[in-house]
Amino acid sequence: MAVAKKEHQLIVSVSPHIRSEETVSRIMWTVSLSLLPAFAMGVYYFGPKAVYVTALCIIGSLFSEWIVEKMAGKELTIRDGSAFLTGLLLGMNMPASVPFYIPLVSSFVAVAITKQLFGGIGYNIFNPALVGRAFALITWPRAMTTWLTPTASFIGMDAKTTATPLGILKEEGMHKLIEIFGDKMTLYTKLLIGHRAGSLGETSVIALLIGAAFLIYKRYITWHIPISFLATVAVITWIFGGKEGLFTGDPIVHLLSGGLILGAFFMATDYVTCPSVRKGQIVFGIGCGFLTALIRLKAGYPEGVMFAILLMNCFSPLIDRNLKSRVFGARKEAKK
Amino acid sequence: MALLTFKGGVHPPDHKELSANSPIKEAKVPSQVVIPLSQHIGAPCQAIVEVGQEVKKGEMIGEPTGFVSAPVHASVSGKVVAMMDVPNAMGRMVPAVVIENDGKEEWTQLSDNPDYMNLSPDELREKIKNAGIVGMGGATFPTHVKLSPPKEKPIDVVIINGAECEPYLTADHRMMVETPKEVIEGLKIIMKILGVSKGYVGIENNKPDAIERMKEAAQNEPNIEVVALQVKYPQGAEKMLIKAIVDREVPAGGLPMDVGVVVQNVGTAYAIYEACRYGKPLIERVVTVTGLGVNSPGNFRARIGTPIQQLIDEAGGFTNGAVKVVLGGPMMGFAVYSTEIPVTKGTSGVLVLSESEYVSSEKFSSCIRCGRCVDACPMGLIPSMLSILSEKGFYEDTKEYNIFDCFECGTCTYVCPAKRPIVQLIRLAKSLVKR
């Protein structure tokens, strides 16, 4: 027999009555998962120190989120994966050789100051992990630019240090870079695999691209920001990057080195701090690419991805405001 | 050929399998019907019967009080036993006539017209008006008004909306499978009234049997084309349907007639045919009773005024897990607190959601600006920004983000990973902003 249903038992709410299964925490954990291959390559080349540094960043991030929310009497959100992801990204953006206090302080700057003090998830203007890294770079410039030689031996005891490919390129030029790596093909291959000095999670281009392809396949990110970002860097470094005049630069080295792939696919695409409309995202990507190339070629730092993204983060609200999507049925004359 | 569609939209699981293969069943005629006097957009009707009066099936019991209005008719023969206020789908109280069924099923005098295609457009329009026909997709706009466009708006295309893009609902689907000829005849009448030589039937591609049957029914009609549409919500929204089929964009704030198009729902076309051919007023409609909250989902032809509880019983009754009753589809339908609410002209479905299908909308977090709503909005709006402005109380600023172009399809709210009540916040802002 049919079950009788009393009136007060029915739930009443406004439409829509169904929701997609996507949640914020699922997004955050999936992005974290997509970073695993690159992180694993970092551990492979830089040893247990890579795990140690990243773990400290994650612990610092989660603790910072917890303490601020506790003090502010807000709902605790450490399980939504957002602070974990910030910690993971911050760790992957650090040299494996930094002393313990740098990850801890930087993650506090990232999560407590950049994210929570601006209102928590969704309200930060700047990418938290990048602010944390920028803070560390400015506060501890030596430690943050001392790079371990990739050893590919799991013990990683011989803490030899070396320069990054971008550093060599900036100081001594392309010839020296080819000389160190042997020949051009070896250089490209080693950059692709990640056998080079750098931040512990940025080196393996191939592992990063696997993660990025997964995110694009899952439609968590789209091509708009990364491709416009990379294309702009490639074009500018090709035209102006060479020492023998225009159009003699090597865009491939620029694309494969530094934090460009990590930045373009995983940091510039941060939902909160990039524009929401596709048109705006392309402008944002081009802006990031332009600033990156400008810093790499003309400024004091060999690498410019971090500052480029942070600077463009400031413009996201402005871009969104001025490049709205076209409203269906908008009259043509109104578009003037 | 590539399937026609529009930009944006979402693909919620459609769950049409629950009732898509159940032929339309005649629902039991209730012993008492409750017929609201306001079942349409526009001026409510004035009752023209009194308590104690005998009425016949199809007799007018409420007469329109303005041009944008539609009469209501007795759906059974019997005695008027009460005039009372009953809640409608939106929970608002509306006056209604209660008729006790005498079981005789006696029709009032109907005017049979085998030769209806030779009637003049004005005569046909009059028949539709007198039959009390309104848009049966759920909007319930009086049909004769839609068929009386002003002279400065020439119409050249009529579209029958067979998209049925709301998940779960299968009423239009079954009508197209079971009575395709009648639907096509309805379309021909509309084309005649409007003096239009091009008619389309747009059907989402998840109903191949309906597409096939409608194509068969229209094969000798050179002016009528049955087209397959991509399965995507809200494909059945008028503006999206017109964009998909004839690639015209209804201007912001405008109506389909601004681009020379009139859209009518499948059920409406069927009712138009019945009114012009047999003189039958709109006293019954097809209702899908579905969801995991009922034991045996199906499609029923029910009299207007049938309490929805009776339809739920005919569909096997509530399951143990039933938690929510929605009139219409899950994207735009109205949850009701009582199952005594009667079926009206706009009731396309009774959806009973079970615990497993139910999603609480109580908890939500801040917008992470992921842009999913921006991509999905069929109108090209920025729902995330509208929801943030509304949440913070900056209602006036929402105008800058074209809030009045939103037709509240709920797509943004469906996709939001932060589970934000976006469309609800938009409705709030709309009601508080001066146009």
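Residues numbered from 1 in each chain as written. Chains lettered and ligands numbered in written order. Predicted model: local features only at pLDDT ≥ 70, side-chain atom pairs only at ≥ 80, totals over all residues. Heavy atoms only, no water.

### Quick word on the domain arrangement of chain B
Residue and element names in this part refer to chain B. Segmentation of chain B into domains returns domain 1 (18–110 + 281–354), domain 2 (112–278) and domain 3 (372–432). Centre-to-centre separation of domain 1 and domain 2, based on C-alpha positions: 23 Å. On the domain 2 side, the residues contacting the 40 residues of domain 1 number 31 residues. Counting each side, the surface lost to burial between domain 1 and domain 2 is near 2,800 Å², with a carbon and sulfur contribution of 65%. Broken down residue by residue, the surface that domain 1 buries against domain 2 is led by I41, F67 and L282, which jointly contribute 18%. If you look at where domain 1 meets domain 2, you find 0 salt bridges. In this assembly, domain 1 and domain 2 are joined by 15 residue pairs in polar contact (both at pLDDT 80 or more). Counting residues per element, the ones that place at least two in the side of domain 1 that touches domain 2 are β13 (284–290), β14 (298–303) and β17 (349–354). (Domains from an automatic or database assignment. Contact = heavy atoms within 4.5 Å. Buried area = accessible area lost by both parts, 1.4 Å probe. Salt bridge = Lys/Arg side-chain N within 4 Å of Asp/Glu carboxyl O. Polar contact = N/O pair within 3.5 Å; in protein donor to acceptor, adjacent residues only side chain to side chain. Helix = DSSP H or I, 4+ residues; strand = E, 2+ residues; numbered from the N terminus.)

### Details of unusual backbone geometry
That bond from S15 of chain A to P16 of chain A is cis: its omega, -5°, falls within 30 degrees of zero. Considering the arrangement of structural elements, one finds P16 of chain A in the segment before α1 (24–34). P234 of chain B follows Y233 of chain B through a cis peptide bond whose omega is -5°. Within the element layout of this structure, P234 of chain B appears in the loop between β11 (224–229) and α6 (238–246). The backbone phi angle of D247 of chain B is positive, close to 55°, even though this residue is not glycine. Among the secondary structure elements, D247 of chain B is positioned in the loop between α6 and β12 (261–265). A relative accessible area of 54% places D247 of chain B in the exposed class. With a phi angle near 55°, R369 of chain B is a residue other than glycine that sits in the positive phi range. Here R369 of chain B shows up in the loop between β17 and α9 (372–376). (Buried < 20%, exposed > 50% of the residue type's maximum accessible area, 1.4 Å probe, protein only.)

### Considering the sheet that holds strand β10 (residues 199–204) of chain B
Residues and elements named next belong to chain B. Strand order in the open sheet formed by 4 strands is β11-β10-β9-β12, and the pairing between neighbours is parallel. Sheet topology places β11 and β12 at the edges, where each strand pairs with a single neighbour. For this sheet the average axis-to-axis angle between neighbouring strands, irrespective of direction, equals 25°. Where strand β9 (residues 157–162) and β12 come together, 5 bridges link them in parallel fashion. Bridged to V158 within β12 is V262. Here helix α5 (residues 208–217) sits on the sheet and contacts β10 and β11; the angle it forms with β10, its principal contact strand, is near 160°. Helix α7 (residues 266–278) rests against β9 and β12 of the sheet, and its axis sits at about 85° to β12. (Pairing = 2+ DSSP bridges. Axes fitted to C-alpha atoms, helices over the stretch in contact; angles between N-to-C directions.)

### Looking at the packing of aromatic side chains
Under the counting rule described, the total for this entry stands at 10 aromatic pairs over all chains. Seen in terms of ring centroids, Y101 of chain A and W140 of chain A are 5.8 Å apart; in terms of plane orientation they differ by 55°. Their pairing is tilted. Residue Y101 of chain A is located in helix α5 (residues 101–115), and its partner W140 of chain A is located in the loop between α6 (128–139) and β1 (147–148); the two are separated by 39 residues in the primary sequence. Pairing Y116 of chain B with Y273 of chain B gives two aromatic rings, centres 5.9 Å apart and planes at 80°, and the pair type is edge-to-face. In this pair, Y116 of chain B sits in the loop between β8 (93–101) and α1 (121–130) while Y273 of chain B sits in helix α7, placing the two residues 157 residues apart along the sequence. For the residue pair Y116 of chain B and Y273 of chain B, the accessibility class agrees, reading buried in each case. Among the aromatic residues, ring-to-ring pairing joins F100, Y101, F135 and W140 of chain A into one connected group. Of note, K232 of chain B hangs over the ring of F6 of chain B, and the distance from its end group to the ring centre comes to 4.6 Å. (Phe/Tyr/Trp six-rings, centres within 6.5 Å; stacked < 30°, edge-to-face > 60°. Lys NZ or Arg CZ within 6 Å of the ring centre and 35° of its normal.)

### Quick look at the pairing of β12 of chain B
The element β12 of chain B is largely enclosed, with a buried count of 5 among its 5 residues. Burial of β12 of chain B is two-sided: the residues V261, V263 and N265 of chain B facing one way and the residues V262 and Q264 of chain B facing the other way are all buried.

### Things to note about the interface of chain B and chain A
Of the residues lining the interface, 71 residues belong to chain B; the matching set on chain A comes to 41 residues. Overall, the association of chain B and chain A removes approximately 4,900 Å² of surface from exposure, summing both partners, and the carbon and sulfur fraction of that is 54%. At the junction of chain B with chain A, the criterion picks out 4 salt bridges. Of the charged contacts in the structure, one is a salt bridge between E249 of chain B and R326 of chain A, with a shortest N-O distance of 2.8 Å. Where chain B packs against chain A, one counts 26 residue pairs in polar contact (both at pLDDT 80 or more). Listed by contribution, the elements that provide at least two residues to the side of chain B that touches chain A are α6, β15 (322–327), β16 (334–336), α9, α11 (411–415) and α12 (422–432) of chain B. Per-element accounting of the side of chain B that touches chain A gives the leading share, 5 residues, to β15 of chain B. Taken together, the residues of the side of chain B that touches chain A sort by class into 37 nonpolar, 17 polar and 17 charged. (Nonpolar A, V, L, I, M, F, W, Y, C, P; charged D, E, K, R; others polar.)

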